[in-house]
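Architecture and fold: a report
Given next are the chains, with one letter for each unit.
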4 protein chains.
Amino acid sequence: MSPSRYTYLGPEGTFTEAALRTLPEAATRELIPMVSVPATLDAVRSGEAAAALVPIENSVEGGVTATLDELATGGPLMIYREVLLPIAFALLVRPGVKLSDIKTVTGHPVAQPQVRKWLAKHLPHAVWESAASNADGARLVQEGRYDAAFAGEFAAATYGLEPLVSDIHDAQNAQTRFVLVGRPARPAARTGADKTSVVIWLGDDHPGALLELLQEYAARGVNMMRIESRPTGEGIGRYCFSVDCEGHITDRRVAEALMGLKRICPKVRFLGSYPRAGVDPSDVGELRHGTSDADFVVAAEWLARCQDGRA
Amino acid sequence: MSPSRYTYLGPEGTFTEAALRTLPEAATRELIPMVSVPATLDAVRSGEAAAALVPIENSVEGGVTATLDELATGGPLMIYREVLLPIAFALLVRPGVKLSDIKTVTGHPVAQPQVRKWLAKHLPHAVWESAASNADGARLVQEGRYDAAFAGEFAAATYGLEPLVSDIHDAQNAQTRFVLVGRPARPAARTGADKTSVVIWLGDDHPGALLELLQEYAARGVNMMRIESRPTGEGIGRYCFSVDCEGHITDRRVAEALMGLKRICPKVRFLGSYPRAGVDPSDVGELRHGTSDADFVVAAEWLARCQDGRA
Amino acid sequence: MSPSRYTYLGPEGTFTEAALRTLPEAATRELIPMVSVPATLDAVRSGEAAAALVPIENSVEGGVTATLDELATGGPLMIYREVLLPIAFALLVRPGVKLSDIKTVTGHPVAQPQVRKWLAKHLPHAVWESAASNADGARLVQEGRYDAAFAGEFAAATYGLEPLVSDIHDAQNAQTRFVLVGRPARPAARTGADKTSVVIWLGDDHPGALLELLQEYAARGVNMMRIESRPTGEGIGRYCFSVDCEGHITDRRVAEALMGLKRICPKVRFLGSYPRAGVDPSDVGELRHGTSDADFVVAAEWLARCQDGRA
Amino acid sequence: MSPSRYTYLGPEGTFTEAALRTLPEAATRELIPMVSVPATLDAVRSGEAAAALVPIENSVEGGVTATLDELATGGPLMIYREVLLPIAFALLVRPGVKLSDIKTVTGHPVAQPQVRKWLAKHLPHAVWESAASNADGARLVQEGRYDAAFAGEFAAATYGLEPLVSDIHDAQNAQTRFVLVGRPARPAARTGADKTSVVIWLGDDHPGALLELLQEYAARGVNMMRIESRPTGEGIGRYCFSVDCEGHITDRRVAEALMGLKRICPKVRFLGSYPRAGVDPSDVGELRHGTSDADFVVAAEWLARCQDGRA
């Protein structure tokens, strides 16, 4: 194990690297770019790296399926942190290139829908070709293969390019969510503003199964924050669900909901409890009546008294 | 305390006495008839009796409100046994009286609707007046105040009467359910065919409160067997609910459901877990998938492993 | 048919008569006391009376089972009005009788629990015997059989008695709810503050049946106001449910909920939609989002456009 | 409009073309390959084509986000048919090339995870580079840029290649689902084995919103077949849901569920009712009790009688 090494979805100059550098602990780690999400995560599984940062969700493009599927069905890993990064692109060009000179543009396929409207307005005749990553697009511009690349502005220096236009993003509030992943261990400490992630397989094709799944959360007043269906690979119509909820596995309402899922579903994979990025514990909304840890303790004590004939 | 003394809703010769005598332990107890449900139960509360048998539900007339209300709001008591008794009436007369002689009949008000059709057919012109109990009606016939009384056939000898007609019951399967009540102590031992009784107060007038109450049971796969609303006495529209469910308080699904009720409702009174009368543990239906004690244990162990990073 | 004649649960001088006289239309009707709830209602069924007033619920004693069962399983009738009457008793005595003279008291069995605490405090040694009605108790006092009767103060004059003590009621807010019942016809007109009553039989013994019943209401945002289980007479464990909900059968959310009940339950009896006593339409709370008639119309029009390919 | 012209996601030789050719009507249409999902659909929106076939879901890779998002938020279109195609790849090479010659392979990015295990086993050292489509990959092999391409075997002839290995698919039952899309019009006729697709936006962030959505289906016994969350583009945590359910919009249970969704959700887009591919009406499971059209009719007639006083 190399506790000093973190991998991330590379190459250098991508938003993932920028997200990783927002974590204080990254300053003292060796940061290693990898060529793919599986490779990034495999380095953690094998012990070559202590943790890995990968994108999991984009507010424009949706879930990052490679990450979702690796976490669901690859060798066990757990999430310990999340990072939210606002996404804005710069149009990077070789020094001296003007907007009117641009005939070809490149970038990661995920970037395209996020700059489509901008392209249609400012470069309606430019031809788009996808690159393996935004940073790779920048490299290809450096090499002269394309005229311009959409990438993070921070990538310009690395590739000797200039940001011709900055802060390009079709959607307001465009964000990408990244997760810091490690080998299974004790979950991150409870902060009071936490999130818990699991992957849940539904037992059979019975039509109410998803409703029952959601009711395990609802019955304990646990708010669901994200649900994403993913194919199990067993054929059209067979799905598992990647679910985030509010709260920490040591919160009793969350623990009881997870146990409920475990009881009724054939398979549940716990992916971790970790602090919600950008949310202060003092900003977390009120719990539903009767679902605090104190309420659980009172009820458990009452039950014990009932069982002892002292209620 | 007099462990040798049991009270029951008297007088002698009622169905309640007959029900009590079906219990093996009654053979070695002093059985004391009392004049009312409150008096029967107060003898237990005060320690004059070890237990009391009172009717709680009749398949024709419904819940016995005096019993329901005493258990809900009187000094704390618990149910340890239930007895189901088929109800059939005999028409008791003084020796020599013929059907055509009968002008007046009596019996407990609860008996009337159970023999109404029989009366309309066989004694259409007889005048009914209610007595304080079926046995009391028999006594009043003995005294000559009425011509005939509906009562259990077993009451005839006590009052020097004869059963002119036997096995009278308008409804098929007419039954009364009785409960053996004692001071709060450890619940009856789990048999595998058990029932758990509680009284639940809903917090405020919010319209979904009853649905939430039922969902606490449903979420754990616990079957509800009986629900009866009773006024709280605070005005029209304010109710508490007397609820029986399958299972024993030491069954984990039941325990979790009860704790759920305790958390979301302002008041829950545990009335006991006790064997279901007439049901053999081998006849109890299958549990819903994922709700056995073994399923709960597996889920709790899994949760512990998740919290320890060993899932 | 005698449109000029209304029956009520007699005898004269009961709270039921007092409740009936609060209805403006009663002033022009012949008001006929009857000896029992069945007799009161049968007069309507047979056409001898246009309508009947009977008690259906008491805030201390709960549902009036004779009324509930007659409406559920007797010849079809419908509710057109409800009346809420605060219940307070007077202690009626023959002129000159003092509190210290009273050895025996009487009244309707339903009255007893409503004055129990008062009796325990002021007449701890008086013996209670039940009468067929509060008014009948007054008559028995007039005849000298008992020393005092609990009844409505308005009954004093009828029986030549005096109210020794007035406004006796153990519970705050003690009320009785009465319903004005007629033969089936168009429901009362919608007022905006309405109530709809039905009786629902559950199909089989499947444990989730009651939950499904409630969900038919909840799914359309219809608030349930009262639910009362009654035995079907087929044996312990078989119940039907008497249910009141907010709203009128011509409100679309109520209509859809009723149709939902009709579809999933083997039997539903509609008992009427009628104005809520004492509630002004302007005081009715807000509907749940999306459940107004306007919302239903918008949705139906949208569906029609979808089916026509014009959405 | 050109009723004779169908577009599809090209280029020629893709699985989409193969799927389109399984439709009998395709035989008499001019089939036009397009460069992207948006372009394929825009041709229908503009009237240049009568219909378009695009992939919407893959049993290995999940939802095709370009299609989901175009149908959700692009100019209105409707689905009239679906096609299920088993997916198996051939490894296409220039004549004479042997497995041991292969250093570089290409294919659509979606193909890669479906052949990853095969590659790891048979060509562990080959370098993968993605192509714009499987057919495009074949073209690049023809041009000599790569040594081999994964594509449908049917693409070999078009590009002068040979299938070196056939029937490659890591997952059993790998399938892709395609939809035939046209401008909004009357839905496809009901067959008895139908599917209905909608996109639903949840109103606000209230945590139970998804549960309420599912309950609109469940309350009417309508089985949900697929649910997929997609970002609305308004920021992390804001989703809309693409949902398929069993049944046809003219089935009353489906119609009522859709109207329920329309009432409680701020926006619902109807995407069509159409025959379920590969399912015979005689194979469709039984409806939940009380949810057939006949049940709805009986309930509506009963309601009308209640409202008329003839129940």
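Conventions adopted
- Residues numbered from 1 in each chain as written.
- Chains lettered and ligands numbered in written order.
- Predicted model: local features only at pLDDT ≥ 70, side-chain atom pairs only at ≥ 80, totals over all residues.
- Heavy atoms only, no water.
- Pairing = 2+ DSSP bridges.
- Helix = DSSP H or I, 4+ residues; strand = E, 2+ residues; numbered from the N terminus.
- Axes fitted to C-alpha atoms, helices over the stretch in contact; angles between N-to-C directions.
- Contact = heavy atoms within 4.5 Å.
- Buried area = accessible area lost by both parts, 1.4 Å probe.
- Salt bridge = Lys/Arg side-chain N within 4 Å of Asp/Glu carboxyl O.
- Polar contact = N/O pair within 3.5 Å; in protein donor to acceptor, adjacent residues only side chain to side chain.
- Buried < 20%, exposed > 50% of the residue type's maximum accessible area, 1.4 Å probe, protein only.
- Expected span 1.5 Å × (residues − 1).
- Least-squares fit on C-alpha atoms with pLDDT ≥ 70 in both.
- Domains from an automatic or database assignment.
- Nonpolar A, V, L, I, M, F, W, Y, C, P; charged D, E, K, R; others polar.
- Left-handed = near helix turned anticlockwise from the far one by under 90°.

1. Let's talk about the sheet that holds strand S12 (residues 194-201) of chain C
All names here are of chain C. One open sheet accounts for four strands, arranged S13-S14-S12-S15; its pairing is antiparallel. Each of the sheet's edge strands pairs with one partner strand only, and the pair in question is strand S13 (224-231) and strand S15 (267-275). Taking the axes of each pair of neighbouring strands and ignoring which way they run, one obtains an average angle of 15° across the sheet. Inspection of the sheet shows S12 paired to S15 by eight bridges, in the antiparallel sense. The residue bridging Thr196 from the neighbouring strand is Ser273, located in S15.

2. A short note on the interface of chain A and chain D
Each side of the interface is counted separately: chain A has 36 residues, and chain D has 36 residues. For the pair chain A and chain D, the summed buried area comes to about 2700 Å², and 56% of that belongs to carbon and sulfur atoms. Run the count over chain A and chain D and you get zero salt bridges. Across the contact surface, chain A and chain D share 10 residue pairs in polar contact (both at pLDDT 80 or more). Elements with a minimum of two residues in the side of chain A that touches chain D: strand S3 (51-58), helix H3 (65-73), strand S11 (175-182), helix H6 (209-218), strand S13 (224-231) and strand S14 (239-246) of chain A.

3. Section: the pattern of salt bridges
Two side chains of opposite charge can pair, provided their charged atoms sit close to one another. With the rule as written, the count across this model stands at 96 salt bridges over all chains. With a shortest N-O distance of 2.6 Å, B:Glu143 and B:Arg139 are connected by a salt bridge. The exposure class of B:Glu143 is exposed, given its relative accessible area of 52%. Members of the salt-bridge network, linked through shared partners, are A:Glu216, A:Arg220, A:Glu256, A:Arg263, B:Glu216, B:Arg220, B:Glu256 and B:Arg263.

4. Details of helix H8 (residues 293-308) of chain B
Spanning 16 residues, H8(B) covers 23 Å between terminal C-alpha atoms, matching the ideal 22 Å at 1.5 Å per step. Contacts made by the buried residues of H8(B) are with helix H7 (252-264) and strand S15 (267-275) of chain A together with helix H7 (252-264) of chain B. B:Gly309 sits one or two positions beyond H8(B) and adopts a positive phi of about 75°.

5. A short note on the sheet that holds strand S15 (residues 267-275) of chain B
Two orientations exist for strands paired in a sheet by backbone hydrogen bonds: parallel and antiparallel. Residue and element names in this part refer to chain B. Reading across from one edge, S13-S14-S12-S15 is the order of the four strands in this open sheet, with antiparallel pairing throughout. The open sheet is flanked by strand S13 (224-231) and S15, the only strands paired with a single partner. When the angles between neighbouring strand axes are averaged without regard to direction, this sheet yields 15°. Two strands pair when backbone bridges link them, and strand S12 (residues 194-201) and strand S14 (residues 239-246) are joined in this way by seven bridges, in the antiparallel orientation. In the sheet register, Thr196 faces S14, and the bridge partner there is Cys245. Sheet strands in contact with helix H6 (residues 209-218) are S12, S13 and S14, and its direction is about 20° off that of S14.

6. Quick look at the relation of the copies chain A and chain D
Once chain A is rotated about the relating axis by 180° and shifted along it by 0.0 Å, it coincides with chain D to within an RMSD of 0.1 Å. These values place the two chain copies in the arrangement generated by a two-fold rotation axis. Ranked by how close their C-alpha atoms come to the rotation axis, the residues of chain A are headed by A:Glu228, at 3.1 Å. Interface overlap between copies: 97% of the residues of chain A at the interface are likewise at the interface in chain D, consistent with a symmetric, same-surface contact.

7. Brief notes about the domain arrangement of chain A
Residues and elements named next belong to chain A. Once the domains are mapped, chain A shows domain 1 (1-86 + 170-184), domain 2 (89-168) and domain 3 (186-311). Computed from C-alpha atoms alone, the centre-to-centre distance between domain 1 and domain 3 is 24 Å. On the domain 3 side, the residues contacting the 21 residues of domain 1 number 21 residues. A buried area of about 1600 Å², summed over both sides, lies between domain 1 and domain 3, and 54% of it is on carbon and sulfur atoms. Inspection of the region where domain 1 meets domain 3 yields three salt bridges. Salt-bridge contacts for Arg177 lead to Asp244; the nearest nitrogen and oxygen are separated by 3.0 Å. Across the contact surface, domain 1 and domain 3 share nine residue pairs in polar contact (both at pLDDT 80 or more). In terms of residue class, the side of domain 1 that touches domain 3 is made up of 10 nonpolar, five polar and six charged.

8. Overview of the packing of helix H2 (residues 37-45) of chain B against helix H3 (residues 65-73) of chain B
Residue and element names in this part refer to chain B. Direction vectors running N to C along H2 and H3 enclose 30°, while the axes themselves pass 9 Å from each other. The crossing of H2 and H3 is right-handed. Counted together, Val37, Pro38, Leu41 and Arg45 of H2 and Ala66, Thr67 and Glu70 of H3 form the full contact between these two elements. Taken together, the residues of the contact of H2 with H3 break down into four nonpolar, one polar and two charged.

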